[in-house]
Every structure is written in structure tokens, then in C-alpha cells.
Amino acid sequence: MTTLLLLGSINMFLSVMLGAFGAHALKKRLSADMLAIFQTGVQYQIAHALGLLLAGILAGGVLTSGLVVTAGWFLFAGIILFSGSLYALSLSGVKKLGAITPLGGLCFLIGWAILAVAIIQG
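Residues numbered from 1 in each chain as written. Predicted model: local features only at pLDDT ≥ 70, side-chain atom pairs only at ≥ 80, totals over all residues. Heavy atoms only, no water.

This is how it is decided: UniProt positions are given in the numbering used here, feature names are shortened, and annotations may be inferred rather than shown by experiment.
Naming follows an unreviewed UniProt entry, where the protein appears as DUF423 domain-containing protein of Paenibacillus sp. BIHB 4019. Per UniProt, the comment on the protein under Sequence similarities (unreviewed entry) is "Belongs to the UPF0382 family." Among the UniProt annotations of the protein, the heading Subcellular location (unreviewed entry) holds the following wording: "Membrane".

What follows is the structure, encoded as C-alpha cells:
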């Protein structure tokens, strides 16, 4: 529980910081397409950092299933792979990094599906 809450909080901090960095420091350095890719990474990081916080809260008492923690780890892996690859792609211009992004999306899907199962099992 504490680990998921900590990861969620850290990722919320980082996503706000990266969003501001993109909006101010990168606006004149990146093309509109690359800036949009960067901002997509920020949006998904924010959404899934909130998911980590939700999983942490649920793991803290509402649901005691180990599935909740597993779901949280998949959400965290998704942030690293999905948002991380978009940040790297937009900053480096190396298009091959985009091949990693769907793996992060898959981790997001798995994490949310596992969380749904944990909720159904109650």
C-alpha cells in the first residue's frame, strides 16, 4: 500500500513538472508534432499516477487482495514504458522508440483489468 501511494505521489509530481517543462522549455525547441507526443506522455502519466494512488488506497483496507498490488505494478510499468518511450521519442527524434509505447499501453490495460477482477472478487 505505502509503496503504491509513494509511487503515485512521485509520478504525480513528475508529471506536473514534466508538463510545465514541456509547456515552457520545450515549446520553442520541439516541433508541434513532437511536443504533442511529449504532452501525450504527460497526460497518460497523470492518469495512471492517479490509478496508482487509487490502487494504494484500495490495498490499504478496502481490498486486501494481492491482485490490487499486482495491478499497481502493471500501472507503474505502463508509465515507465508508455510515457517514458514518448518522452524519449519526442526529445531524441528516434522513431524506433515508438515501438516500446504499445507495450506500456498493454501494461495499462492489464493493470486496469486486474484491478477490475480484484474489485469483483471483493
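### Some remarks on the overall build of the protein
The following threshold applies: The secondary structure listing takes helices from DSSP runs of H or I that are at least 4 residues long and strands from runs of E that are at least 2 residues long, numbered from the N terminus. Throughout, radius of gyration means the C-alpha value; the globule benchmark is 2.2 Å times the number of residues raised to the power 0.38. The cut-offs for exposure are 20% and 50% of the maximum accessible area for each residue type, with area from a 1.4 Å probe on protein chains only; residues under the lower value are buried, those over the upper are exposed, and the others partly exposed. Accessible surface area values rest on a Shrake-Rupley calculation with a 1.4 Å probe, where residue burial reflects the displayed protein chains alone.
Each helix and strand counted, the protein has four helices and zero strands in total. The C-alpha atoms of the protein give 15 Å as radius of gyration, which agrees with the globular expectation for 122 residues (14 Å, within 12%). Seen through its principal axes, the protein has C-alpha atoms that stretch 50 × 25 × 15 Å. Across the 122 residues that make up the protein, the buried fraction comes to 39%. Carbon and sulfur atoms make up 74% of the accessible area of the protein, which amounts to about 6500 Å² in all.

### Concerning the side chain of Ser15
The condition is simple: For the purposes of these results, a polar contact is taken to be a pair of N or O atoms within 3.5 Å, where, inside protein, one atom must be able to donate a hydrogen and its partner to accept one; residues adjacent in sequence count only when each atom of the pair is a side-chain atom. Contacts were defined at the residue level, with two residues in contact if any of their heavy atoms lie within 4.5 Å.
Mapping Ser15 onto the fold places it in helix H1 (residues 2-24). According to the relative accessible area criterion, Ser15 is buried, its value standing at 1%. Reaching out from Ser15, the side chain makes a polar contact with the backbone oxygen of Met12 at a distance of 2.9 Å. Among all residues touching Ser15, those that are not within four sequence positions of it are Val42, Gln45 and Ile46.

### Here's the deal with the packing of aromatic side chains
Convention followed: A pair of Phe, Tyr and Trp rings is counted when the ring centres sit within 6.5 Å of each other, with Trp represented by its six-membered ring. The angle between the planes then sorts it: under 30 degrees is stacked, over 60 is edge-to-face, the rest tilted.
One pass over the structure, following the stated rule, counts six aromatic pairs. Summarising the aromatic geometry, the rings of Trp73 and Phe76 are spaced 5.9 Å apart at their centres and angled 80° between planes, so their arrangement reads as edge-to-face. Of this pair, Trp73 and Phe76 both sit in helix H3 (residues 66-92), three residues apart, which is roughly one turn of that helix. Among the aromatic side chains, those forming a connected cluster through ring pairs are Phe21, Phe38 and Tyr87.

### Re H3
Operational definition: Each residue after the first adds 1.5 Å to the expected span of a helix.
With 27 residues, H3 should cover 39 Å at 1.5 Å per step; its first-to-last C-alpha distance of 38 Å lies within 8% of that length. Gly93 sits one or two residues past H3 and shows a positive phi near 80°.

### A short note on the side chain of Ser90
Within the element layout of this structure, Ser90 appears in helix H3. For Ser90, a relative accessible area of 2% corresponds to the buried category. Here the side chain of Ser90 touches Tyr87 through a polar contact of 3.0 Å, landing on its backbone oxygen. The residues touching Ser90, leaving out its near neighbours within four places in the chain, are Leu30, Met34, Ile37 and Phe38.

### Points about the UniProt feature "transmembrane region" (unreviewed entry) in the protein
Summarizing the sequence annotation, UniProt attributes the feature "transmembrane region" (unreviewed entry) to residues 6-26, 46-65, 71-90 and 97-120 in the numbering used throughout. The distance from the first to the last C-alpha atom of residues 71-90 is 28 Å, and the span holds 100% helix and 0% strand. In this annotation, residues 97-120 is assigned 83% helix and 0% strand; the end-to-end C-alpha distance for the span is 36 Å.

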